[in-house]
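# Fold and contact review
Below, each chain spelled out in residue letters.
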Amino acid sequence: MATNVTVAYQLAQHEFVNAKTNEEKLITLKKMLSTAPGHKGAETLRADIRKKIVKYKGLLSKEKAQKKKGGKHGFSLKKEGSATVCLVGTTNTGKSYILNNLTNSNVEVSESPFTTKKPGIGMMDYSGIKIQIVELPSIVENYAEKESGSAFISIMKQVELLVIFFNTSEEKRLIDSELTKNDVNTRQTVFKDETSIRDLIWINIGLIKVFTKQSGKKAEEKAIALKVGSTIKNLAEFVHKDFLKKFKYAKIWGKSAKFNGQTVGLNHKLEDNDVVEIHTK
Ligand SMILES: Nc1nc2c(ncn2[C@@H]2O[C@H](COP(=O)(O)OP(=O)(O)OP(=O)(O)O)[C@@H](O)[C@H]2O)c(=O)[nH]1
Ligand SMILES: [Mg+2]
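Just so it is clear, the model here is predicted, and its values are computed rather than measured.

### Structural notes on the coordination of the magnesium ion (ligand 2)
Binding of the magnesium ion (ligand 2) to the protein goes through Ser96 (OG), Thr116 (OG1) and Glu135 (OE), at separations of 2.1 to 2.2 Å. Sequence spacing of the donor residues for the magnesium ion (ligand 2), all on one chain, is S-x19-T-x18-E. You can see serine 96 sitting in helix H4 (residues 95–102) and its partner threonine 116 sitting in the loop between H4 and strand E2 (120–126), a full 20 residues away along the chain. A single burial state applies to serine 96 and to threonine 116, both of which are buried.

### Looking at the site of ligand 1
Neighbouring residues of ligand 1: 18 residues in total, closest Thr91, Lys95, Thr115, Thr116 and Ser138. Between ligand 1 and the protein, one listed contact pairs an oxygen atom with a backbone N or O atom of threonine 93 at 3.1 Å. Here ligand 1 loses 75% of its free accessible area of 650 Å² to cover by the protein chains. The element best represented in the shell around ligand 1 is H4, accounting for three residues. Class assignment for the residues of the shell around ligand 1 results in four nonpolar, 10 polar and four charged.

### Topic: the sheet that holds strand E10 (residues 275–280)
Strand order in the open sheet formed by five strands is E7-E6-E10-E8-E9, with mixed pairing between adjacent strands. For this open sheet the edge positions go to strand E7 (224–227) and strand E9 (262–264), each flanked by a neighbour on one side alone. Ignoring strand direction, the axes of neighbouring strands in this sheet form an average angle of 40°. Of the pairings in the sheet, the one linking strand E8 (residues 247–253) to E10 comprises six bridges and is antiparallel in character. Its bridge partner lying in E10, tryptophan 253 is registered against valine 275. Against the sheet, helix H8 (residues 232–239) contacts strand E6 (207–213), E7, E8, E9 and E10, and its axis sits at roughly 135° relative to E7.

### Notes on the domain arrangement of the protein
Domain boundaries assigned for the protein yield domain 1 (7–69), domain 2 (83–204) and domain 3 (208–280). Computed from C-alpha atoms alone, the centre-to-centre distance between domain 2 and domain 3 is 33 Å. If you look at the interface, domain 2 gives five residues, while domain 3 gives nine residues. On the domain 2 side of the interface with domain 3, the three residues burying the most area are Ser127, Ile129 and Trp202, jointly 78% of the side's total.

Cut-offs used in this document
Residues numbered from 1 in each chain as written. Chains lettered and ligands numbered in written order. Predicted model: local features only at pLDDT ≥ 70, side-chain atom pairs only at ≥ 80, totals over all residues. Heavy atoms only, no water. Donors = N, O, S within 2.8 Å, 3.2 Å for Na, K, Ca; no water. Helix = DSSP H or I, 4+ residues; strand = E, 2+ residues; numbered from the N terminus. Buried < 20%, exposed > 50% of the residue type's maximum accessible area, 1.4 Å probe, protein only. Near = heavy atom within 4 Å. Polar contact = N/O pair within 3.5 Å; in protein donor to acceptor, adjacent residues only side chain to side chain. Areas by Shrake-Rupley, 256 points an atom, 1.4 Å probe, with all protein chains shown as cover. Nonpolar A, V, L, I, M, F, W, Y, C, P; charged D, E, K, R; others polar. Pairing = 2+ DSSP bridges. Axes fitted to C-alpha atoms, helices over the stretch in contact; angles between N-to-C directions. Contact = heavy atoms within 4.5 Å. Domains from an automatic or database assignment. Buried area = accessible area lost by both parts, 1.4 Å probe.

See below:
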C-alpha cells in the first residue's frame, strides 16, 4: 500500500471492505478515490481504485438489468383471480403440501430440505371466488442475494397477503428479519394448521363475498368478491355498468341488514356473506 494515506482514506477503505452490495462497494470506492493521496507516488493506488470502480459499475448495471427482467430466470408473477397469496417460510414447513391441498397444483412434496426451487402457482376456489396461491422457495439468510432471491422478494411485494410458515421461533425471527431487511410490507398472517388455512386466508385477504339473487329465486351459488368497505354501488358497477344507471333500490339479507329483505340504496355498506337483490327501472 502507498504510504502516507490519510485517516479519511483508511476509513473509506474499511467501509469498502465491509460493504455488502455492489452499490455500497461503488460508493465507498469513490470515497477512497477522493481521499487518496494526490502525489505521484500514489499513482498506482489511484489506478487500482479506478479499475475497481469500473468493475463494480459493470456488476451494478448487470444487477439492475436482471432486476428489470424479474431475475435471472425471468420469475415474474402474472396475477390472476380476485387476489394473490404467497406461502412464505423456512424449509420443511409444509408449503408445497398446503399448495397442493388448496389448489389444483401438483408440486413435489418431500422430507428433504429445499425441494421447491422456483415459484409454484395454483388457484384456490373459495365459494366461487378465485384466489391465486404462490409458494416461494424457502427463506434462508440473505435471501435477496441468493439466485433469483430479488425476484422472489419483488413477488412478495406485489401480492395481497403473505402466509408465514416456520417450525421454530428462531426460524420465525429469521423470516421477520429477511422481510424487514428487504422492505416487504405486505400484510401477513401466520399459518397454524391445515384445516383452517382456507378460512385464515379469507379472513385476512381484505375482501368480502356477496351473493346476488333475482327476485323470487334462490341466491347464486358463486359469490362475488369485493373490497372490504364496498357498497351496493360498487356491487352494481361490478355486475354490469348499466345496473348503476337503471338502479332503483336493493333488498338485502345478512349481517349488514337490519332485518331480512331490508330495502337499501346505493350507499349501503356491505358485509361478508350478504345476499343482495338489485331492482332496476
Ligand atoms: N401430514 C402432513 N405432513 C406434512 C404437513 N406439512 C408438511 N408435511 C410433511 O413435511 C415434509 C415437508 O413438506 P413440504 O411441503 O415439501 O415442505 P416445504 O415447506 O415446501 O419445504 P421446501 O422443501 O423448502 O420447499 C413432507 O414430508 C410433508 O409430507 C402437514 O400439514 N401434514
Ligand atoms: Mg416446497
